[in-house]
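Chain residues, written in single-letter form:
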Amino acid sequence: MRKDRLAHYRKMLVEKHRQLVEEVGKSALYGKGQEDDSIKDLGDQATTAYTREFLFELGNGDRRLLKEVVTALQKLDEGSFGSCERCGEVIAEKRLEALPFARYCIGCQRAIEEEERMATG
Ligand SMILES: [Zn+2]
């Protein structure tokens, strides 16, 4: 991949990383501060439990994404950025433009999702 393209993706990843660190930091704070008044005002215990679960899920998703962004930045450093981790083919630039932290080409991504669906039933 050309150097200017790599620099472009690095910029995107660094920006995404910054956003996620903020988000993860925030959700970690919410996770600890559940007993505050803003949550109680929402209503009964069920609502509180739901909200807690929702924030927890959100935090987990962000954390996973953050890990993927960090992995992509490492791949940029190693020079393996833009290659599918499964089949080794080049990942389409259109895909990287939307998901600069994509680890797999679209074909492998679909195959993996299919396998996961089969595994979880
Ligand atoms: Zn692949």
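Values in this document were obtained by computation on a predicted structure and should not be read as measured data.

Student: Just give me the short version of the overall build of the protein chain, but keep the residues and values in it.
Tutor: Along the backbone of the protein chain there are five helices and zero strands. Within the protein chain, the fraction of its 121 residues that count as buried is 26%. Excluding contacts between residues fewer than 6 apart, the proportion of contacts in the protein chain whose partners are at least 24 apart in sequence is 59%. With the model as given, the accessible surface of the protein chain reaches about 8600 Å², and the carbon-plus-sulfur share is 55%.

Student: Break down the packing of aromatic side chains for me, citing the residues and quoting the values.
Tutor: Under the criterion given, the structure shown has one aromatic pair. For the ring pair Tyr9 and Phe81, a centre distance of 5.5 Å and an interplane angle of 45° mean the geometry is tilted. Note that Tyr9 is positioned in helix H1 (residues 3-32) and Phe81 in the loop between helix H3 (45-78) and helix H4 (93-98), a separation of 72 residues in sequence. For the pair Tyr9 and Phe81, one class covers both residues: buried.

Student: Report on the coordination of the zinc ion, specifying residues and quantitative values.
Tutor: Each protein donor to the zinc ion is listed here as Cys84 (SG), Cys87 (SG), Cys105 (SG) and Cys108 (SG); together their distances run 2.3 Å. Coordination at the zinc ion is tetrahedral: its four donor atoms span angles of 105 to 117° at the metal. Along the chain, the residues that donate to the zinc ion are spaced as C-x2-C-x17-C-x2-C. One end of the pair, Cys87, is in the loop between H3 and H4; the other, Cys105, is in the loop between H4 and helix H5 (106-120), and 18 residues separate them in sequence. We classify Cys87 as partly exposed; its relative accessible area is 41%.

Student: Quick one: what's the story with the pattern of salt bridges, residue by residue and with numbers?
Tutor: Applying the stated criterion across every chain, the model contains 10 salt bridges. Arg5 is the partner of Glu93 in a salt bridge, and the nearest nitrogen-oxygen pair spans 3.1 Å. In this pair, Glu93 is assigned in helix H4 and Arg5 in helix H1, connecting sequence segments 88 residues apart. A salt bridge links Arg117 to Glu114, with the shortest nitrogen-to-oxygen separation between them at 2.7 Å. Taken together, the positions of Arg117 and Glu114, both in helix H5 and three residues apart, correspond to about one turn of that helix. Looking at Arg117, the relative accessible area reads 53%, which means it is exposed. Take Glu114: its relative accessible area is 37%, and that puts it in the partly exposed class.

Each value, and the rule that gives it
- Residues numbered from 1 in each chain as written.
- Predicted model: local features only at pLDDT ≥ 70, side-chain atom pairs only at ≥ 80, totals over all residues.
- Heavy atoms only, no water.
- Helix = DSSP H or I, 4+ residues; strand = E, 2+ residues; numbered from the N terminus.
- Buried < 20%, exposed > 50% of the residue type's maximum accessible area, 1.4 Å probe, protein only.
- Contact = heavy atoms within 4.5 Å.
- Areas by Shrake-Rupley, 256 points an atom, 1.4 Å probe, with all protein chains shown as cover.
- Phe/Tyr/Trp six-rings, centres within 6.5 Å; stacked < 30°, edge-to-face > 60°.
- Donors = N, O, S within 2.8 Å, 3.2 Å for Na, K, Ca; no water.
- Tetrahedral: all angles 85-135°; square planar, octahedral: opposite > 155°, others 65-115°.
- Salt bridge = Lys/Arg side-chain N within 4 Å of Asp/Glu carboxyl O.

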